[in-house]
Amino acid sequence: MPTQIDLLYISAVILLIATFGIVVRRGFSDWLHAYRYQTIILAGVVALIAFVTNIWELYIVSALTLGIKAIIIPKVLFYVTKKLDSPIKLETNPYVSLRISVIFSALLVTMSYFMTLQLPISSDKTIDVFLPVSFSLFFIGLFIIISRRKALNQIVGLLTIENGLFLFAVVITHGFSLVIEIGLMADILVGVIISSILLFRMSRTFDSIDIKNLESLRDD
Amino acid sequence: MLDTMFSSIESVLVVSLLLTPVISGLLVTLLKRKRIIEVTTVVSSFLILIQGLFLLSSILEKKSISLFDGIFYLDSLSAIMIITISLVGFLSSLYSVNYMGIQYDKLIVDRQKLVRYYQGFNMFLFTMLLVPISNNLGIMWIAIEATTLVSVLLIMLYTKQGSIEASWKYLLISTVGLSLALFGIILFYYANSVYDNSFNSIHGMDWTNMVENALQFDPNLVKFAFIFILVGFGTKAGLAPMHTWLPDAHSEAPSPISALLSGVLLNCAFYGLLRFHIISSHSIGSGFSNTLLIILGIISLGIAAASIYFQKDVKRMLAFSSVEHMGIISVSMGFGVFLGIYGALLHVINHAVVKSLLFFSSGSISQKYQTKSITDTSGIIKTMPITGFMFLIGGLAIIGMPPFNIFMSEFLMLSSGFSSENFLASALVILFLVIIFASFGKHLLHMVFGNPKSEMEKGDFGKLSILPMVILGSVIFIMGIYVPEPLQTLIEDASKIILVGGANS
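No experiment lies behind these values; they were computed from the predicted model shown.

J.: What am I meant to see in the overall build of chain A here?
T.: Scanning chain A from terminus to terminus reveals seven helices and zero strands. The N-to-C order of helical and strand elements in chain A reads α-α-α-α-α-α-α. Scaling as 2.2 N^0.38, a compact globule of 220 residues should have a C-alpha radius of gyration of about 17 Å, and chain A matches this with 18 Å. Judged by the C-alpha coordinates and their principal axes, chain A covers about 50 × 40 × 35 Å.

Next comes the structure, spelled out in structure tokens:
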């Protein structure tokens, strides 16, 4: 039987593996699968923290995460990828090659561990395990946004950043109050829908969702 | 229950202030006739202005109002924001009738897009009004992020390549920026939750609550968190070097929306920054955040100066001028003396008024000339006498010519810079202001007094495009001579709210 602390560590590791799944793979739907695994684990982690701390609101937050972020949002994005005009649904040549991306992401994870040691935040079991992981999600999400050329990948990067922030908030302050949590989820959902509309327009106007097309507005 | 909820006149006012744009948005969705949705939007934004004025008068009397168990909190600082949002919102809705009407006649937008425009317009006002009213910093963040989402919808109204590019950049950069701000907010919330018993309740994130506990916060944590807040809200407020989305988004939006984006939305984000500036000043003294504000402000001024000098596009030039003026507000705030803060808050209002006038007039001008290029737009005063005259007034005001209003607030800023012994910063500000004066002035003179192309048809657009400009022009002129008594008291009160933190250091 795994103990509680084992469970915490195992879930943290799976969270990181799912995040690396976004970094190492090329296919549009691969990223969405990886994001979905990541969010399901995240919901589990929140439920676990709810169990440890005995805050019942966190169970609702966990259920909301599962419903909105692990089911509805991937569904919307899967629908978008299916309907996109572009025949090849792969990231062919990202700005940073996948091999270097993996090394870089590993460095980011190490950096997160160092950074959390510097932060003046009191430590307990859950904070020790998840604080560095939440930072890693945040930084890897940022890295995905700046190193990839497909707009869809940037959305997934944004969602990863958001997951990192969410984990961070849950771990150090046991979450916001329910009203704010619901407001945040609504913002994310609307954001995803708007960016899906933009993706459609982009693929219709430029025949691809490559952001290299988005460089005409400049001052020269 | 309802009895206690609506016990005071202010609670009724705040609720109706928030409900007016929502109801008007719903009506627009249901009615769909061109004339009717225009009238609905104009009437609702006029009602918002009236309600805003009533709220203003009761804030002047009571100094601060806390409503619905502290969920809403209004003080003089919020009142300044509400009054700018509602004034520019109303004039922008008036101007929209003419501007979008011409776009509709030219078949650039169809009926469906017109309906979407007015829905978005109303929702945009709603989300912006929610920002200064909410006491809970989490709700404030949600409202600011919602302003991004709504305005992205408004920018992508046109399906041109340029607007798709602009909305994508805007959505991505602002959201990443705001997520950094959320990170900072979580850290502040953590700092507060250590000392606060109302832990995990909705009041743990209240601004009033945080200001009370601020002295007990861990100083290192506050510094760390404030940097994230500054970068995050700074991105949305258009402070350089995080401003890269701004010229694209502001120049690709329909002109009435550009006026709202530049004149009001930037201030909303800066307002968020300001609330944390106050908390951080209460906690660790104002020195730390002041220095950072001055540095970012100077960088913004420098980048704006260079970009305006080489600019070829009218609306991009105006957008960079917004970067400049957010820089001025930030520097002036950072000088940290009463006069500087007073000047900064005055500048918030002045910039909103002048920039809206410029966007309105340049909107009509670019519709007439069918181009946004500075070189191809010349002799406006001959082709469109009134619009050209208004553009001239706005242009002279924005570069800081006396006797217009921006001269007053820039003068206050510079004198506070010297009195607080920030000589290097003040000198740099003067240098950049001179560069902007010369280059903006050159573009302005060429556009207004140059020789028009001979085949241009003469004449202004309809009364509804002229009226908002004339109103704004007279406000600019009056505010340049003297600031009305109530407004003076309001800005003084707000400056005291910001300065109290400085007194602790």
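J.: Explain the overall build of chain B here, please?
T.: A count of helical and extended segments in chain B gives 20 helices and two strands. Taken against the 2.2 N^0.38 rule, which gives 23 Å for 505 residues, the C-alpha radius of gyration of chain B at 22 Å falls within 12% of a compact globule. Along the three orthogonal principal directions, the C-alpha set of chain B runs to about 70 × 55 × 45 Å. A burial count over chain B gives 67% of its 505 residues as buried. Pairs at least 24 apart in sequence give 80% of the contacts found in chain B among residues at least 6 apart. Summing over all exposed atoms, chain B offers an accessible surface of approximately 16500 Å²; the carbon and sulfur share of this is 69%.

J.: Explanation requested: the packing of helix α1 (residues 4–24) of chain A against helix α5 (residues 125–147) of chain A in the structure shown.
T.: The relative placement of two packed helices comes down to the angle between their axes together with the axis-to-axis distance. Residue and element names in this part refer to chain A. In contact at an axis separation of 10 Å, α1 and α5 are set at 5 degrees when each is read in the N-to-C sense. By the angle between their directions, the pair α1 and α5 is classed as roughly parallel. Contacts between α1 and α5 pair Gln-4, Ile-5, Leu-8, Tyr-9, Ser-11, Ala-12, Leu-15, Leu-16, Thr-19, Phe-20, Ile-22 and Val-23 from the former with Lys-125, Thr-126, Val-129, Phe-130, Val-133, Ser-136, Leu-137, Ile-140 and Ile-144 from the latter. Here the contact of α1 with α5 is built from residues that sort into 15 nonpolar, five polar and one charged.

J.: For this particular structure, what's the right way to read the nonpolar core?
T.: Looking at soluble globular proteins, one finds that nonpolar side chains tend to be buried together. Residues and elements named next belong to chain B. The biggest cluster of nonpolar side chains holds 263 residues, and the ones touching the most others in it are Phe-233, Phe-276, Ile-279 and Leu-345. Considering each element in turn, this core owes the most residues, 19 residues, to helix α7 (residues 161–195). Those residues in contact with Phe-233 that sit more than four places away from it in its chain are Met-140, Trp-141, Ile-144, Leu-178, Ala-181, Ile-185, Ala-269, Gly-272, Leu-273 and Phe-276.

J.: Please clarify how α1(A) should be interpreted in this entry.
T.: Spanning 21 residues, α1(A) covers 30 Å between terminal C-alpha atoms, matching the ideal 30 Å at 1.5 Å per step. Elements in contact with the buried residues of α1(A): α2 (28–53), α4 (98–118), α5 and α6 (151–173) of chain A.

J.: Please clarify how the UniProt feature "transmembrane region" (unreviewed entry) in chain A should be interpreted in this entry.
T.: UniProt tags residues 6–23, 35–52, 100–121, 127–146, 155–176 and 182–200 of chain A as "transmembrane region" (unreviewed entry). Secondary structure content for residues 100–121 of chain A is 86% helix and 0% strand, and the end C-alpha separation is 32 Å.

J.: Can you walk me through the interface of chain B and chain A in this structure?
T.: Accessible area lost when the parts come together is the quantity often used to give the size of an interface. Listed as interface residues are 48 residues of chain B and, on the opposing side, 49 residues of chain A. Regarding the contact of chain B and chain A, the summed buried area is about 4200 Å², with carbon and sulfur atoms giving 74% of it. Scanning the region where chain B abuts chain A turns up zero salt bridges. Seen at the junction of chain B and chain A, the total is two residue pairs in polar contact (both at pLDDT 80 or more). Mapped onto the side of chain B that touches chain A, the elements with two or more residues apiece are α6 (137–155), α7, α9 (219–237), α10 (246–252) and α13 (314–334) of chain B.

J.: It is not clear to me how the packing of aromatic side chains should be interpreted in this structure. Could you clarify?
T.: Aromatic ring pairs are reported here in terms of the distance separating the ring centres and the angle at which the planes meet. Following the criterion strictly, the structure yields 28 aromatic pairs over all chains and no others. Ring centres 5.8 Å apart and planes at 80 degrees place the aromatic pair Phe68(B) and Phe72(B) in the edge-to-face group. According to the relative accessible area criterion, Phe72(B) is buried, its value standing at 14%. Ring centres of Tyr117(B) and Phe121(B) lie 6.2 Å apart, and the angle between their planes is 40 degrees; on these two criteria the pair is classed as tilted. Here Tyr117(B) pairs with Phe121(B), and both are found in helix α5 (residues 111–133), just four residues apart, close to one helical turn. Site record: aromatic cluster; members linked through ring pairs are Phe135(A), Phe138(A), Phe139(A), Phe168(A), Phe183(B), Phe224(B) and Phe228(B). Sitting over the face of the ring of Phe166(A), Lys69(A) holds its NZ or CZ atom 4.1 Å from the ring centroid.

J.: What exactly am I supposed to notice about the packing of helix α16 (residues 385–398) of chain B against helix α18 (residues 423–449) of chain B here?
T.: All names here are of chain B. It is at 10 Å that the axes of α16 and α18 come closest, and there the two elements cross at 170 degrees. Relative to α18, the element α16 is oriented roughly antiparallel. Here Gly-388, Phe-391, Leu-392, Gly-395, Leu-396 and Ile-398 of α16 lie close against α18, whose contacting residues are Phe-440, Leu-444, Met-447, Val-448 and Phe-449.

J.: I would appreciate a short explanation of the pairing of strand β1 (residues 64–67) of chain B in the present structure.
T.: Residue and element names in this part refer to chain B. Residues Ile-65 and Leu-67 line the buried face of β1, whereas the alternating positions Ser-64 and Ser-66 sit on a face that is not buried. For β1 and strand β2 (residues 72–75), the ladder comprises four bridges, and the chain directions are antiparallel. Bridge assignment links Leu-67 to a residue of β2, and that residue is Phe-72. Connecting β1 to the next strand, β2, in antiparallel fashion are four residues, including Phe-68 with a positive phi near 50 degrees.

J.: Sorry, what's going on with the environment of Ser420(B) here?
T.: Residue and element names in this part refer to chain B. Relative to the helices and strands, Ser-420 resides in the loop between α17 (405–419) and α18. Ser-420 sits in the partly exposed class, given a relative accessible area of 21%. Separated by 402 residues in the primary sequence, Ser-420 and Leu-18 place their C-alpha atoms 40 Å from one another. Not counting residues within four places of it along the chain, the set of residues in contact with Ser-420 comprises Phe-335 and Val-337.

J.: Sorry, what's going on with the pattern of salt bridges here?
T.: Pairing between side chains becomes possible if they bear opposite charge and their charged atoms approach one another. Across all of its chains, the model carries 15 salt bridges over all chains by this definition. Across the salt bridge formed by Glu162(A) and Lys69(A), the nearest N and O atoms sit 3.0 Å from each other. Here Glu162(A) is found in helix α6, whereas its partner Lys69(A) is found in helix α3 (residues 57–83), with 93 residues between them in sequence. Residue Glu162(A) shares its accessibility class with Lys69(A), and that shared class is buried. The salt bridge partner of Glu252(B) is Lys160(B), with a shortest N-O separation of 3.6 Å. Of this pair, Glu252(B) sits in helix α10 while Lys160(B) sits in the loop between α6 and α7, and the two are 92 residues apart along the sequence.

Cut-off values and rules
- Residues numbered from 1 in each chain as written.
- Chains lettered and ligands numbered in written order.
- Predicted model: local features only at pLDDT ≥ 70, side-chain atom pairs only at ≥ 80, totals over all residues.
- Heavy atoms only, no water.
- Helix = DSSP H or I, 4+ residues; strand = E, 2+ residues; numbered from the N terminus.
- Rg over C-alpha atoms; globule rule 2.2 N^0.38 Å.
- Buried < 20%, exposed > 50% of the residue type's maximum accessible area, 1.4 Å probe, protein only.
- Contact = heavy atoms within 4.5 Å.
- Areas by Shrake-Rupley, 256 points an atom, 1.4 Å probe, with all protein chains shown as cover.
- Axes fitted to C-alpha atoms, helices over the stretch in contact; angles between N-to-C directions.
- Parallel < 35°, antiparallel > 145°, perpendicular 65-115°, else oblique.
- Nonpolar A, V, L, I, M, F, W, Y, C, P; charged D, E, K, R; others polar.
- Core = buried A, V, L, I, M, F, W, Y, C linked by side-chain atoms within 4.5 Å.
- Expected span 1.5 Å × (residues − 1).
- UniProt positions renumbered as here; feature names shortened; annotations may be inferred.
- Buried area = accessible area lost by both parts, 1.4 Å probe.
- Salt bridge = Lys/Arg side-chain N within 4 Å of Asp/Glu carboxyl O.
- Polar contact = N/O pair within 3.5 Å; in protein donor to acceptor, adjacent residues only side chain to side chain.
- Phe/Tyr/Trp six-rings, centres within 6.5 Å; stacked < 30°, edge-to-face > 60°.
- Lys NZ or Arg CZ within 6 Å of the ring centre and 35° of its normal.
- Pairing = 2+ DSSP bridges.

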